[in-house]
Amino acid sequence: MQFKEIIGQQAVKALLVQNVKENRVSHAQLFLGDEGSGALPLAIAYAQYINCLNKQGSDSCGICASCRKYEKLIHPDLHFSYPFFASKDVKSALAVLPEWRNMVLEDAYFNLSIWQNKLSAEKKQANINRAECHEIIKKMSLKAFEADVKVVIMWLPEYLENDGNVLLKLLEEPPENSLFLLVSQQRDAILPTILSRTQLLKIPKLSDDEIKGYLSQNFSLTDAQIESYGYLADGNLIEAKLMATSSVNSHFQTFTDWLRLGFRNDGLALMNFSEELAGWGRESQKNFLRYGIHFLRECALILNGAEELVKLPPEALEVAKNLSTKVLNTASIEALVSELDKACFHVERNANAKILFLDVSLQIVKIIKFNSLPSGIQYIYN
Ligand SMILES: [Zn+2]
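Everything numeric in this text was worked out from a predicted model, so none of it was measured.

Conventions used here
Residues numbered from 1 in each chain as written. Predicted model: local features only at pLDDT ≥ 70, side-chain atom pairs only at ≥ 80, totals over all residues. Heavy atoms only, no water. Donors = N, O, S within 2.8 Å, 3.2 Å for Na, K, Ca; no water. Tetrahedral: all angles 85-135°; square planar, octahedral: opposite > 155°, others 65-115°. Phe/Tyr/Trp six-rings, centres within 6.5 Å; stacked < 30°, edge-to-face > 60°. Helix = DSSP H or I, 4+ residues; strand = E, 2+ residues; numbered from the N terminus. Buried < 20%, exposed > 50% of the residue type's maximum accessible area, 1.4 Å probe, protein only. Lys NZ or Arg CZ within 6 Å of the ring centre and 35° of its normal. Pairing = 2+ DSSP bridges. Axes fitted to C-alpha atoms, helices over the stretch in contact; angles between N-to-C directions. Contact = heavy atoms within 4.5 Å. Expected span 1.5 Å × (residues − 1).

(A) Inspection of the coordination of the zinc ion at higher detail. Note on the zinc ion: its protein donors are C52 (SG), C61 (SG), C64 (SG) and C67 (SG). The metal-donor distances range over 2.3 to 2.4 Å. Viewed at the metal, the four donor atoms of the zinc ion are separated by angles of 103 to 120°, and the geometry they form is tetrahedral. The sequence pattern describing where the donors of the zinc ion fall on their chain is C-x8-C-x2-C-x2-C.

Okay, structure coming up:
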């Protein structure tokens with residue numbers, strides 16, 4: 001992976017290159033960036049650059065012996081650690097290393113839900129367990145085979161359990177010539193003891209223009225679609241790609257179906273619908289809820305006479321206009337957004353999905369069918 005393959009992030013790339021040139025590479029670094037910002041490919045490109053035998057001005061050469069192995073992710077001194085979904089057949093991260101390499105080589109922009117699908121491990125809980133931590137310690141204590149710097153890249157350290165504390169000594173007194181790169185999306189979810197021992201590098205979101213540029217180069221879309229997806233993706237390249245390859249168009253369909261069922265107050269259909277949502281993986285559920293929030297905010301713009309600011313694809317715009325004039329009003333949109341927002345929060349905390357989605361469905365009925373706006377209710381789903 002070379003820096004030039006990574007979308008945007010010019011300032012971060014320049015900073016990383018400069019750190020290497022000035023010999024200021026800190027041995028434990030935390031790359032913190034929202035989903036779809038490119039933090040993982042940046043970490044890999046950085047490690048490749050550090051170990052490149054023929055560094056160019058601002059990138060690795062891509063062809064030296066080290067780069068060639070890095071390009072295939074098979075360098076013996078490059079190690080990965082990542083959440084996995086333990087099962088009867090999969091007992092360690094190592095067991096799914098070929099899948100991991102494939103995933104990164106196919107497309108280094110992915111999220112936990114895509115990784116989950118890759119492993120066909122839907123609905124299971126991901127983690128980086130104690131055995132995996134010991135594996136990392138073992139790998140790091142070995143002498144480097146051939147590289148100048150031995151690297152461990154840990155994707156999503158927020159999935160380290162408390163056992164992650166066994167890594168502290170390694171972070172504090174790393175073996176010579178070793179580099180530990182943590183790639184995280186959620187600073188708050190990382191063990192504070194680990195946080196305090198790493199140097200923080202914030203990776204900003206991509207700009208709408210960077211996303212639009214990427215979409216127009218890689219997909220055949222209309223200008224209106226590029227404009228709309230670029231805006232709705234909110235800096236998340238993964239989300240933008242999902243929209244471009246239409247799975248979010250199905251989010252649109254699913255979400256508006258949900259509102260319609262709510263408006264018809266069709267209890268049985270809502271129950272089935274909630275069960276179906278409950279069967280999705282957690283990440284898909286969150287993406288779907290976030291899409292709903294986006295969509296409702298666009299409806300609010302229409303209601304407030306700011307239709308020119310709405311960036312929905314034409315067919316979605318028609319539906320949004322229809323819903324806005326016939327079913328929704330500003331207060332109900334606010335209440336719905338708040339429900340979806342709360343649901344996102346509870347999904348993240350492993351709420352019982354069946355109860356959660358059924359409850360949101362009932363709130364939707366209350367809000368848009370009976371115009372009753374919930375206030376100050378305590379929600380308990382666990
Ligand atoms: Zn090279």
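(B) Focus on the packing of aromatic side chains. With the rule as written, the count across this model stands at 19 aromatic pairs. A centroid spacing of 5.5 Å and a plane angle of 85° characterise the contact between Y82 and W115, whose relative ring orientation is edge-to-face. Within this pair, whereas Y82 is found in the loop between strand 2 (78-81) and helix 4 (97-106), its partner W115 is found in helix 5 (residues 112-118), the two being separated by 33 residues in sequence. Each member of the pair, Y82 as well as W115, carries the same accessibility label: buried. Feature note: the residues F252, F255, W258, F273, W280, F288, Y291, F295 and F357 constitute an aromatic cluster, connected by ring pairs. Directly above the ring of F345 sits R349, whose terminal nitrogen or CZ lies 3.8 Å from the centroid. Above the face of the F263 ring, K369 is positioned so that its terminal group lies 5.4 Å from the ring centre.

(C) Representation of the sheet that holds strand 3 (residues 150-155) in the model. Pairing within the open sheet is parallel, and its five strands lie in the order 2-3-4-1-5. Two strands lie at the open edges of the sheet, namely strand 2 and strand 5 (199-203), each paired on one side alone. For this sheet, the mean inter-axis angle between neighbouring strands, taken without regard to orientation, is 20°. Alignment of strand 3 against strand 4 (residues 178-184), held across six bridges, turns out to be parallel. Of the residues in strand 4, the one forming a bridge with W155 is V183. On the sheet, helix 1 (residues 10-21) packs against strand 1 (28-33) and strand 5 and is oriented at approximately 150° with respect to strand 5.

(D) How the structure looks around the environment of K366. Topologically, K366 is positioned in helix 17 (residues 353-369). Of the residues examined, K366 reaches a relative accessible area of 36% and is grouped as partly exposed. Each C-alpha atom, one on K366 and one on N265, is 8.8 Å from the other, the two residues being 101 residues apart in sequence. Setting aside its immediate chain neighbours within four residues, K366 contacts N371 and S372.

(E) Up close: helix 14 (residues 282-303). In a regular helix each residue adds 1.5 Å, so 22 residues correspond to 32 Å; helix 14 covers 32 Å between its end C-alpha atoms and thus fits that length. Judged by how many residues are buried, helix 14 sits mostly within the fold: 16 of 22 residues are covered. The positive-phi residue at the C-terminal boundary of helix 14 is G305, with phi of around 70°.

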